[in-house]
Amino acid sequence: MNQKATLVLLALAVITIFALVCVLLAGKGGDGSGTSQPPHCSSESPSAQPLTQPVQSQLFADLSREELNAVMSFLTQQLGPGLVDAAQARPSDNCVFSVELQLPPKAAALAHLDRGSPPPSREALAIIFFGGQAQPNVSELVVGPLPHPSYVRDVTLERHGGPLPYHRRPVLIREYLDIDQMIFDQELPQASGFLHHCCFYKQQRRNLVTMTTAPRGLQSGDRATWFGLYYNISGSGMYLHPVGLELLVDHKDLDPAHWTVQKVFFQGRYYESLAHLEDQFEMGLVNAVLIPDNGTGGSWSLKSQVPPGPAPPLQFYPQGARFRVQGSQVVSSLWSFSFGLAAFNGPRIFDIRFRGERIAYEISLQEALVVYGGNTPAAMLTRYIDGSFGMGKYSTPLLRGVDCPYLASYVDWHFLLESQAPRTLRDAFCVFEQNQGLPLRRHHSDYYSYYFGGLTETVLTVRSVSTLLNYDYVWDMIFHPNGAIEVKFHATGYISSAFLFGNGRKYGNQVGEHTLGTVHTHSAHFKVDLDVAGLENWVWAEDMAFVPTVVPWSSQHQMVERLQVTQKLLETEEQAAFPQGGAAPRYLYLASKHSNKWGHRRGYRIQILSFAGEPLPKNSSMERATSWARYQLAVTQRKEEEPSSTSIYNQNDPWTPTVDFSDFISNESIAGEDLVAWVTAGFLHIPHAEDIPNTVTVGNGVGFFLRPYNFFDEDPSSNSADSIYFQKDQDTGACEVNPLACLSKTAACAPDLPAFSHGGFSHN
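Now for a quick tour of the structure. The residue numbers shown here count from 1 along each chain, following its written sequence. Restriction of local features to residues with pLDDT of at least 70 applies here, the model being predicted, together with a cutoff of 80 or more for giving and counting side-chain atom pairs; totals for whole chains, interfaces and linings are based on all residues. Each side-chain value is worked out from all heavy atoms of the structure, with water and hydrogens disregarded.

**A closer look at the overall build of the protein**
Using the following cut-off: Elements are defined by DSSP. Helices are runs of H or I of four residues or more, strands are runs of E of two residues or more, and each kind is numbered from the N terminus. Think of it in three bands: residues with accessible area under 20% of the maximum for their type are buried, residues over 50% are exposed, and the middle band is partly exposed, with areas taken using a 1.4 Å probe on protein chains only. By definition in these notes, contact holds between two residues if any of their heavy atoms fall within 4.5 Å. Areas reported here follow the Shrake-Rupley algorithm with a probe of radius 1.4 Å; residue values treat only the protein chains shown as occluding. We count Lys and Arg on the positive side and Asp and Glu on the negative side, and we leave His and both chain ends out. By convention, the point assigned to a charge is CZ for Arg, NZ for Lys, CD for Glu and CG for Asp.
Check the secondary structure of the protein and you find 9 helices and 34 strands. If one aligns the C-alpha atoms of the protein with their principal axes, the spans along those axes are about 110 × 95 × 70 Å. Counting only residues that meet the buried cut, the protein has 52% of its 764 residues in that class. Counting contacts in the protein only where the partners sit at least 6 residues apart, residues at least 24 apart contribute 67% of the total. Here the protein displays about 34,900 Å² of accessible surface, and carbon together with sulfur accounts for 54% of that area. Counting 55 positive and 74 negative side-chain charges, the protein places the averaged centre of each group 4 Å from the other.

What follows is the structure, encoded as structure tokens:
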């Protein structure tokens, strides 16, 4: 081959290679980064759906880090040098337990929101433990105005009628640590031989951990807590590994050196002390069931033994999110509201409006209660009043793609609890719009007229999760396109268990070789301050009745039972209080004096979805601390001096409760008043094998709806921009007829997925 031919072949080869490269690049996209990719979806809200209203002032926003710092600095100046960091405080010290937003009076808030008056001063509520005084007590102080405080006002007398006894205070983390130190360094070594035999105990290895119970004693003034001991299985919930040992610790004295173990329980028998248990063991009088300290393998772990499979379904916003989160406010084309997290009561929303009209002033979680049963002292006594621990305080970071949809909006929460400096909980809230996969309404007509009309249900949700010891509560506020609001909670996490012995199966199901899943009830209480077309509302009850009626067109025939509506105006608080398990009207609604165009009172119905267990008997010495649980629903006059149905001090003195909700029901008039509905939702849980390793949310969700009842003239979703309608003779493939036909264009984009992140296991 001559040189000229060789050069020609080389040139052809270069041209061929260049052409192939161009083809490959075209297949990969202009940047050569991979296979052909659609454009990224827009991150801007679509202009076709204007938001309902401009963002208001942050009237209900939780305190910022700057405000929390300012309050703490001011309190340090006002209370003097004797103030100790709560993280290190002993019972005999003075410390700041908590600082959070002091909600403004409703009248002042509405004057600002509705009439343009200046906003009420932002204030903080601080709870102070005065353990270093001659008469130790708990005080509540209001500090303001923020962000530059200049006054502090003691509101303890105003709010509680007198000083708060010191024994009612919640337990500090420092107090728990001191109890643990006492148990592990002083008490357990007294029974080291027995513990090594029964529980593979070695003092340095710390293979045992404690779990608190509550209440703390048997009468007012007590501060004595049963602590259960469990194996500390790495990477697994210790709650499923009881060893059968429980200790009653008296920690009432302000000096931890004087704390004592009053009683010991082990696998069905009581002992005076750990030394007594050791003596009995050495004499051969203790028959211990030996439980391995490595669990029973993978069945206790949340780590799947199966490798990851295909990615699960993912929802995204093809034309951008249709809502906006700005500060503490959420605004969409239909809804607007402010959201927040109370340190102890938990999630709450304010100024809830549909299409610009206020539906409710406040919807907030008040309390959660778990009542246990069993044949160990810890199980039989436990009544966790979770507000004392803190539904906000023990909120956890939301895991993107598990706790909430991956593309939800995530919001942090700043707090100051048991510390001298504020901290931040990353991703404490998520806000998202979700296609429910269910039509909100639809009709397919092939009778006389041929058409289809329907609307997929998309809901706007704000969510937070509280992890209180073993249980995780998922709290949802859900906003539907027809003007309905849904409030719901799910329980998941670990069950609480006890060592199985004797007649244990009377109190639950066996879920492990020596483990009993103990029966319990879950209850949550909510405050619903509805303002239905104004502040003046009435309570109406409607139901059904069959009324015997002679057949009008054939009098010689027997009577027919005609179904008709019954209606009753409830005029007093007593009439509008419905006990758990008792009869309640199927329709109960709050209505205004205004009517829709059909002459019916504009109203909002309260529809409860719950299968609550029995409440504590009224003759129980602790029942008044949770007397709200007596009622599935109660409606009372709204009063500033009745801001909450519970108190964080009720847990540690349920025998003399600081707040007794039953006192709210005083037979006052509820006709034409500003009203609050108090709703209880809950369920009975008898743990079973399928609760291992975790209780699932399926079937363990309860709550209530607030549904428009003649509030509108027609279904407000009838003119939704998401509606689908076409007739027989129309081209359903045409975009102008059926927007779903355009999805190949409008949704032809790739979601812009943010990098995965996790808020961590400690707060900054």
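**Remarks on the packing of helix 6 (residues 192-199) against helix 7 (residues 274-282)**
Note the cut-off: Geometry is summarised by axes, namely lines fitted to C-alpha atoms with helices restricted to the contacting stretch, and by angles between N-to-C directions that run from 0 to 180 degrees. For this classification, under 35 degrees means roughly parallel, over 145 means roughly antiparallel, 65 to 115 means roughly perpendicular, and everything else is oblique. Handedness of a crossing is defined here by the sense of rotation of the near helix relative to the far one, left-handed for an anticlockwise turn of less than a right angle and right-handed for a clockwise turn. Gly falls in the polar group here, along with every residue not listed as nonpolar (Ala, Val, Leu, Ile, Met, Phe, Trp, Tyr, Cys, Pro) or charged (Asp, Glu, Lys, Arg).
Relative orientation of the contacting elements helix 6 and helix 7 amounts to 70°, with a least axis distance of 8 Å. Classified by the angle between their axes, helix 6 and helix 7 sit roughly perpendicular to one another. The hand of the helix 6/helix 7 crossing is left-handed. The residues of helix 7 that touch helix 6, namely those facing Ser-192, Gly-193, Phe-194 and His-197, are Leu-277, Glu-278 and Phe-281. Looking at side-chain class alone, the contact of helix 6 with helix 7 contains 3 nonpolar, 3 polar and 1 charged residues.

**Details of the nonpolar core**
Here is the rule: We call a set of buried Ala, Val, Leu, Ile, Met, Phe, Trp, Tyr and Cys residues a nonpolar core when their side-chain atoms join them within 4.5 Å.
Membership of the largest hydrophobic core comes to 134 residues, with the highest contact counts inside it found for Leu-188, Leu-245, Leu-247, Ile-363, Phe-479 and Leu-530. Element by element, the count of residues in this core is highest for strand 15 (residues 357-372), at 7 residues. Discounting residues that sit within four places of it in the chain, Leu-245 has contacts with Leu-188, Leu-195, Phe-227, Gly-228, Leu-229, Val-264, Phe-265, Phe-266, Leu-274 and Leu-277. Ranked by size, the runner-up nonpolar core spans 18 residues in total, among them Val-71, Phe-74, Leu-75 and Phe-130.

**Describing the sheet that holds strand 8 (residues 242-250)**
Formally: For two strands to count as paired, DSSP must find a minimum of two bridges between them.
Read across the open sheet, the 5 strands follow the order 6-7-8-9-10; overall the sheet is antiparallel. Strand pairing shows two members of the sheet lacking a second neighbour, strand 6 (208-211) and strand 10 (269-271), which therefore form its edges. Put simply, the sheet's adjacent strands are angled 25° from each other on average, direction ignored. Sheet analysis places strand 8 next to strand 9 (residues 260-266), joined by 6 bridges and oriented antiparallel. From the neighbouring strand, Val-249 faces strand 9, where its bridge partner is Val-261. Where helix 5 (residues 173-187) meets the sheet, it contacts strand 6, strand 7 (224-231), strand 8 and strand 9, and its direction lies at approximately 135° from that of strand 6.

**Considerations on the sheet that holds strand 23 (residues 508-512)**
Pairing is antiparallel in the open sheet, where 3 strands are placed in the order 22-24-23. Two strands lie at the open edges of the sheet, namely strand 22 (497-499) and strand 23, each paired on one side alone. Neighbour to neighbour, the strand axes of the sheet diverge by 40° on average, direction disregarded. Pairing of strand 23 with strand 24 (residues 515-518), which is carried by 4 bridges, proceeds in the antiparallel orientation.

**Side note on helix 6**
We apply this condition: Picture the helix axis, draw a direction to every C-beta atom, and the arc is the one those directions span.
All buried positions along helix 6 are accounted for by Phe-194, Leu-195, Cys-198 and Cys-199. Projected down its long axis, helix 6 carries its buried residues within an arc of 95°, all on one side. Where helix 6 is buried, its residues meet strand 6, strand 7, strand 8, strand 9 and helix 7. Positive phi appears at Phe-200, one or two residues downstream of helix 6, with a value of about 55°.

**Overview of the pairing of strand 9**
Each regular strand shows side chains that alternate between the opposite faces of the sheet. Note: strand 9 against strand 10, 3 bridges, orientation antiparallel. Residue pairing for strand 10: Phe-266 is matched across the bridge by Arg-269. Count of turn residues in the strand 9/strand 10 antiparallel hairpin: 2 residues, of which Gln-267 carries a positive phi of about 45°.

**A few points about helix 5**
Applied cut-off: Residue count minus one, scaled by 1.5 Å, sets the expected span of a helix.
Here helix 5 is 15 residues long and its end C-alpha atoms lie 20 Å apart, about the 21 Å a rise of 1.5 Å per residue gives. Taken residue by residue, helix 5 has Arg-174, Glu-175, Tyr-176, Asp-178, Ile-179, Met-182, Ile-183, Phe-184 and Glu-187 as its buried positions. Looking at the buried positions of helix 5, the neighbouring elements they touch are strand 6, strand 7, strand 8, strand 9 and helix 7.

**Observations regarding the pattern of salt bridges**
Just so we agree on the cut-off: Salt bridges are identified by distance alone: a Lys or Arg side-chain nitrogen within 4 Å of an Asp or Glu carboxyl oxygen.
Per the stated rule, a full pass over the model turns up 33 salt bridges. Between Lys-106 and Asp-531 there is a salt bridge, and its shortest N-O distance comes to 3.0 Å. Highlighted residues: Lys-106 in helix 3 (residues 106-115) and Asp-531 in the loop between strand 25 (520-530) and strand 26 (538-549), separated in sequence by 425 residues. With a closest N to O distance of 2.6 Å, Glu-623 and Arg-630 form a salt bridge. Judged by relative accessible area, Glu-623 falls into the buried class, the value being 1%. According to the relative accessible area criterion, Arg-630 is buried, its value standing at 15%. Several salt bridges converge on common partners, so that one network encompasses Lys-106, Asp-529, Asp-531, Arg-638, Glu-640 and Asp-674.

Honestly, that's just the spatial picture; any functional story needs more than this.
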